[in-house]
Each structure stands twice: as C-alpha cells, then as structure tokens.
Amino acid sequence: MADQTHVLFVEDDDVIREATQLALERDGFAVTAMPDGLSGLEAFRADRPDIALLDVMVPGLDGVSLCRRIRDESTVPVIMLSARADSIDVVLGLEAGADDYVTKPFDGAVLVARIRAVLRRFGHAGGADRGEESAAAAAGGVLSFGELEIDTEGMEVRKAGQPVALTPTEMRLLLEFSSAPGTVLSRDKLLERVWDYGWGGDTRVVDVHVQRLRTKIGQDRIETVRGFGYKLKA
C-alpha cells in the first residue's frame, strides 16, 4: 500500500461500495471502504489516506459533517459524491471544505479521471503540484496587496501580519489571482487552471471556493465582474 495512492471511500450502498472499490483497485489504487461516517472518520485517523471520497448521505455521520471533521484535522483532498446534482448538496459539501464533487450514478472512468486531476494539483502531499505551478509561484518571492502578503515560495499567506490558513485548493486559486492582479479571470479559466478540468465543469465549484477565500483574506479583496468572472484588486 505504501507505493499506491490510498483512497478512503465512504459509501453506505453495498453494491456501489463494492463495485467502486474493485474498479479503483483495478486502476492501481489502494482502497479502504467504509459503510458509514463514523467508521470512515476512524479509518481516516488511523490510515491518513491520500484522498477521501465521501457520499453525502451516509448513516451515523453524514458526508458533509465528515468532510468538516476531516478538514478540521487535515488538508487532504476530498471529493463529495451525491445522488443528485442538487444545489444544496453541492454547496453544502463545498462549503464544508470539499475540493470537488461527482454526481451519482457516475462512470468509473470519469471518477478515476477526477481523482487523478485532484491528486495532480495536490501533488499527493497536500501541496501544489510543482509541475503545474502558477505564474506567481514560478516567479517566487513575496507579493503584497494592501495588508495581504503571499509568500509564493513558502506557500504562506498573511493578512495584517497574521497567518491565514488556506487549503491547497484555496492557495492555488489565490496564486492564480495574484499572478494577474486586476485581470478578470473567467470561471471556465479558473476551472481549467485550478481544478485541471479539460472539459466543462460546474462553475459552482469556483463560486463557493471564491467565497471561502474571501472570508479568509477579506471580502473586498476579490471583486466580482458580473458576466465575466473575478479579479484580485491590485
């Protein structure tokens, strides 16, 4: 298991859990599959997986609550699985700290592609993928925007001198904005650069992460340009 990417998969449906586990294992992943949120949390703490796949509706501790518990302890990437493309399910999962979501029923190949896309940008270690760093990170140094400071080499952010804790996805999003301050970045462009989507994705992922980032670095620092996207105020 040490040489394999370790996936924690929490799903209460026996058929889906077993079929998905077999499919992931065929693709070379090591999988720990759990039927409920409480056992999933225990497995997460014991095994420290590389990525977590969490169904929204699982007994004991639902997927959104489990995501919050994981996020309190770790920046490990999390993908939520939902039986519906319901806005409430999607937004709650993302607001809890999930990095992406997949709607059920899903194609196994699509799920594997999404897992690998997340792992590429996390570098399997919760950090930025050094092969795909943003222009800001590649340039190095400390960038300053008012009271906001971004150390693109140390991957640290400070606001008014105080450290700001960002998830890797939030950090990559901020690096994209800081690489082109004052320039409007469309949601599709951010999906491509931050989420590694080579296809059309759900822009709610971008909107929720921008809002989460705003709560940490300042609501006014990232401006919405209606009909076009977002920009970082220089």
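A brief structural summary.

Cut-offs and rules
Residues numbered from 1 in each chain as written. Predicted model: local features only at pLDDT ≥ 70, side-chain atom pairs only at ≥ 80, totals over all residues. Heavy atoms only, no water. Salt bridge = Lys/Arg side-chain N within 4 Å of Asp/Glu carboxyl O. Helix = DSSP H or I, 4+ residues; strand = E, 2+ residues; numbered from the N terminus. Buried < 20%, exposed > 50% of the residue type's maximum accessible area, 1.4 Å probe, protein only. Pairing = 2+ DSSP bridges. Axes fitted to C-alpha atoms, helices over the stretch in contact; angles between N-to-C directions. Contact = heavy atoms within 4.5 Å.

**Thoughts on the pattern of salt bridges**
Reasoning step 1: In total, this model carries 13 salt bridges according to the counting rule given.
Reasoning step 2: The partner of arginine 193 in a salt bridge is glutamate 176, with the nearest N and O atoms 3.6 Å apart. Within this pair, whereas arginine 193 is found in helix H8 (residues 187–194), its partner glutamate 176 is found in helix H7 (residues 168–179), the two being separated by 17 residues in sequence.
Reasoning step 3: Given a relative accessible area of 37%, arginine 193 falls into the partly exposed group.
Reasoning step 4: On the basis of relative accessibility, which here comes to 8%, the residue glutamate 176 falls in the buried class.

**Focus: the sheet that holds strand S4 (residues 78–82)**
Reasoning step 1: Spatially, five strands are ordered S2-S1-S3-S4-S5 in an open sheet, and the strand pairing comes out parallel. At either margin of the open sheet sits one strand with a lone partner, and together these are strand S2 (30–34) and strand S5 (100–103). The sheet shows a mean angle of 20° between the axes of neighbouring strands, taken without regard to direction.
Reasoning step 2: Of the strand pairs in this sheet, strand S3 (residues 51–55) and S4 are connected by four bridges, and their pairing is parallel. Its bridge partner being in S4, aspartate 55 is matched across the sheet by leucine 81.
Reasoning step 3: Across the sheet, helix H1 (residues 14–26) is in contact with strand S1 (6–10), S2 and S3; its angle to S2 comes to roughly 170°.

**Observations concerning the pairing of strand S10 (residues 222–225)**
Reasoning step 1: Bridge count between S10 and strand S11 (residues 229–232): four bridges; the pairing is antiparallel. By the bridge assignment, valine 225 is partnered in S11 with glycine 229.
Reasoning step 2: Between S10 and S11, which pair antiparallel in sequence order, lie three residues; one of them, glycine 227, sits at a positive phi of approximately 85°.

**Overview of the sheet that holds strand S9 (residues 162–164)**
Whenever strands of a sheet pair, they do so through backbone hydrogen bonds, lying parallel or antiparallel.
Reasoning step 1: The sheet built from four strands is open, its strands ordered S6-S7-S8-S9 with antiparallel pairing. The open sheet is flanked by strand S6 (142–145) and S9, the only strands paired with a single partner. Geometrically, the sheet is characterised by an average inter-axis angle of 25° between neighbouring strands, direction not taken into account.
Reasoning step 2: Relative to S9, strand S8 (residues 156–159) runs antiparallel, the two sharing three bridges. Following the sheet pairing, lysine 159 is matched in S9 by glutamine 162.
Reasoning step 3: Relative to strand S7 (residues 148–151), H7 is tilted by about 105°, and along the sheet it contacts S6, S7 and S8.

As far as function goes, none of this settles anything; it's purely spatial.
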